[in-house]
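A structural walkthrough
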Amino acid sequence: MNIVIWGTGEYGSKAVAYIKSVNKEFGHEIFHIESFVDSSENRIGKLYYGKKICAPIDVMDAMNLDFRIVIAVKKNEAIVSELQEAGIEQYFTFYDFCIREKALMEIVCSKHEIPKEKNLLGRIKGKYRFERLRHEGGTYSDTKRVLGYSACIASMASFYGTNIKKAAVYTEGFAPENNGSEEHGTIAMYHWSFSNGGVQRVISLLLTLFISRGYKVVLITEENEGPYSEYDCQDEVMHYRIPRWEWSPYQWIESVDRIIREEHIRTFVSHMSTHPSNFFLGLLCKECGVRFLVELHSRYTLFNDDIEYVRCVFSYTDKLIVLSRTDASYWHTQGFSACYIPDPVIVPEHVESRMRSDQVILWIGRLSPEKNVMDAIDIIKKVIERIPDVQLYIVGAPANEDILKTLTDKISQLQLEKNVRLCGFDPDVDKYYQEASVMMMTSSWEGFSMTISESKGFAVPLVLYELPYLEILADKKGYVAVHQRDKEAMAYEVIKILKNEHLRMRLSEEARESIIQFAKTDVIAAWESVLWK
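One structure accompanies this document, and this report is about it. (Residues numbered from 1 in each chain as written. Predicted model: local features only at pLDDT ≥ 70, side-chain atom pairs only at ≥ 80, totals over all residues. Heavy atoms only, no water.)

A few points about the overall build of the chain
For the chain, the count of helices and strands is 20 helices and 19 strands. Out of the 533 residues belonging to the chain, those deemed buried represent 57%. For the chain, the proportion of contacts with a sequence separation of at least 24, taken over those separated by at least 6, is 70%. For the chain, the computed accessible surface area is about 24200 Å², with 47% contributed by carbon and sulfur atoms. (Helix = DSSP H or I, 4+ residues; strand = E, 2+ residues; numbered from the N terminus. Buried < 20%, exposed > 50% of the residue type's maximum accessible area, 1.4 Å probe, protein only. Contact = heavy atoms within 4.5 Å. Areas by Shrake-Rupley, 256 points an atom, 1.4 Å probe, with all protein chains shown as cover.)

Below, the structure written as structure tokens:
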């Protein structure tokens with residue numbers, strides 16, 4: 001179907017985005033944007049989304065039954081009158097959600113065969129009926145009675161998207177009949193991916209521990225065609241891959257609801273922090289009588305900018321799982337039920353505190369802004385001035401190509417190619433720890449830091465920027481901390497450790513002893529205290 005968009009302002013851009021999203025949902029080009037129209041002489045002839053803006057008369061003269069005009073101007077009475085006078089009826093006004101969904105239904109039903117297995121027509125009808133009921137003043141409970149809870153929440157997710165504050169207003173007055181089951185049952189864990197990250201690594205360890213205690217666990221991730229291999233998943237774990245939230249919130253809710261019902265989920269754990277999906281997921285769990293928990297893998301200070309948004313996201317969350325006692329105290333002051341549970345720690349066996357002959361500095365982590373990997377390059381430059389043969393291994397995948405390019409350019413600029421090795425993402429990090437003389441961490445913040453627990457497990461001395469709130473550093477053993485972003489101080493401490501065999505051995509022994517003590521915490525027992533009512 002050929003589309004002409006009348007209006008090249010704010011609503012014109014919104015119309016383009018909407019049409020692209022519809023095409024994406026259907027998997028092919030249902031709507032083709034033929035041209036743009038604007039009544040303003042100042043805009044006619046200029047390029048807009050790669051197409052020249054036409055005058056109204058040019059388009060109206062060329063109209064036929066295969067075209068639809070999308071009026072993307074809110075005050076459009078004059079435009080509507082002009083079209084009606086010209087005898088053109090195939091138009092609709094974009095700004096009114098109800099009208100555009102009705103038009104979409106009419107076009108799709110008349111011109112395209114709907115694949116039944118995708119339930120696309122059902123979704124379109126559901127969205128249209130939801131907006132009509134909402135427009136008529138229906139409450140969440142009213143709409144749910146008409147559509148059913150699943151279609152209602154799916155339509156809400158599609159309509160509100162990231163606007164969680166408005167979604168929360170719409171559900172005001174809804175009181176869940178229960179907050180989960182006392183009956184033990186299947187546990188679901190959700191994160192958008194299962195590769196290349198500390199959160200994903202934690203989830204893989206939790207799955208292993210839950211399975212070892214006899215629990216049935218379901219893993220839910222989104223469809224992901226990324227370049228990195230996933231962490232190992234036990235055969236006993238059913239792994240579901242659902243459509244990506246950003247592509248289709250409606251399908252996402254449909255998929256999760258089906259999994260909850262088919263797998264008889266009793267407790268649902270989201271590892272998605274303050275992502276908007278947690279509002280709708282929590283609401284869905286309340287409708288299904290499922291207990292809903294969110295584990296926060298980031299420091300509470302990251303959420304201070306808009307605490308009201310955070311309150312809305314966690315409207316239907318039964319409990320927050322946090323990674324430090326400091327975080328638990330903060331969330332309690334904000335009125336949330338929060339519980340400190342450390343991440344699982346796996347201590348490798350038969351690792352001895354020993355001297356490494358090679359002078360290898362190890363940096364492990366995702367190459368993202370808060371990890372400050374560029375600092376590591378400046379630091380190694382200073383270390384080389386005293387220890388020319390030292391090697392820096394950087395293990396981890398880049399958050400984006402720009403960071404990787406900046407990193408490689410900096411290495412080249414400082415002529416460090418012989419001293420810095422970019423190892424990329426590798427799920428098997430043990431071999432790097434076994435070779436390392438010292439571990440370097442340049443993060444501005446960490447939630448728990450699997451990297452610290454792993455380096456201690458392999459008896460590797462650690463030098464890091466101060467992170468005093470981390471529970472795993474509370475005993476002050478096996479590491480040296482310097483002020484945040486003090487690269488001179490970090491270089492000095494790294495050099496001191498590499499040159500002082502006695503110091504290196506002492507820190508190595510402390511690190512190993514520290515993590516063995518920390519690992520005595522029964523993580524699953526702590527989880528069991530919050531999994532059920």
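Moving on from the coordinates now.
Some thoughts on the pattern of salt bridges
What the rule picks out here adds up to 26 salt bridges. One salt bridge connects Asp-306 with Lys-165, and the closest N-O pair in it is separated by 3.2 Å. One end of the pair, Asp-306, is in the loop between β11 (291-295) and α12 (307-313); the other, Lys-165, is in helix α8 (residues 164-170), and 141 residues separate them in sequence. In this structure Lys-165 comes out as partly exposed when scored by relative accessible area, which is 38%. Salt-bridge contacts for Arg-299 lead to Asp-327; the nearest nitrogen and oxygen are separated by 3.1 Å. (Salt bridge = Lys/Arg side-chain N within 4 Å of Asp/Glu carboxyl O.)

Notes on the environment of Leu-47
Tracing the chain through its elements places Leu-47 in strand β3 (residues 47-48). On the basis of relative accessibility, which here comes to 64%, the residue Leu-47 falls in the exposed class. When the C-alpha atoms of Leu-47 and Phe-36 are compared, they prove to be 9.3 Å apart, with 11 residues separating the residues in sequence.

Things to note about the sheet that holds strand β8 (residues 217-222)
Reading across from one edge, β9-β8-β7-β10-β11-β12-β13 is the order of the 7 strands in this open sheet, with parallel pairing throughout. A single partner strand is all that each edge strand has here, and the edge strands are β9 (238-242) and β13 (338-340). Strand-to-strand twist of the sheet, defined as the mean angle between neighbouring strand axes without regard to direction, takes the value 25°. Pairing between strand β10 (residues 265-270) and β11: 4 bridges, direction parallel. By the bridge assignment, Phe-268 is partnered in β11 with Phe-292. Contacts from helix α10 (residues 249-262) reach β7 (186-190), β8, β9 and β10, with the element oriented near 160° to β9. Contacting β7, β10 and β11, helix α11 (residues 277-288) crosses the sheet at an angle of about 155° to β11. (Pairing = 2+ DSSP bridges. Axes fitted to C-alpha atoms, helices over the stretch in contact; angles between N-to-C directions.)

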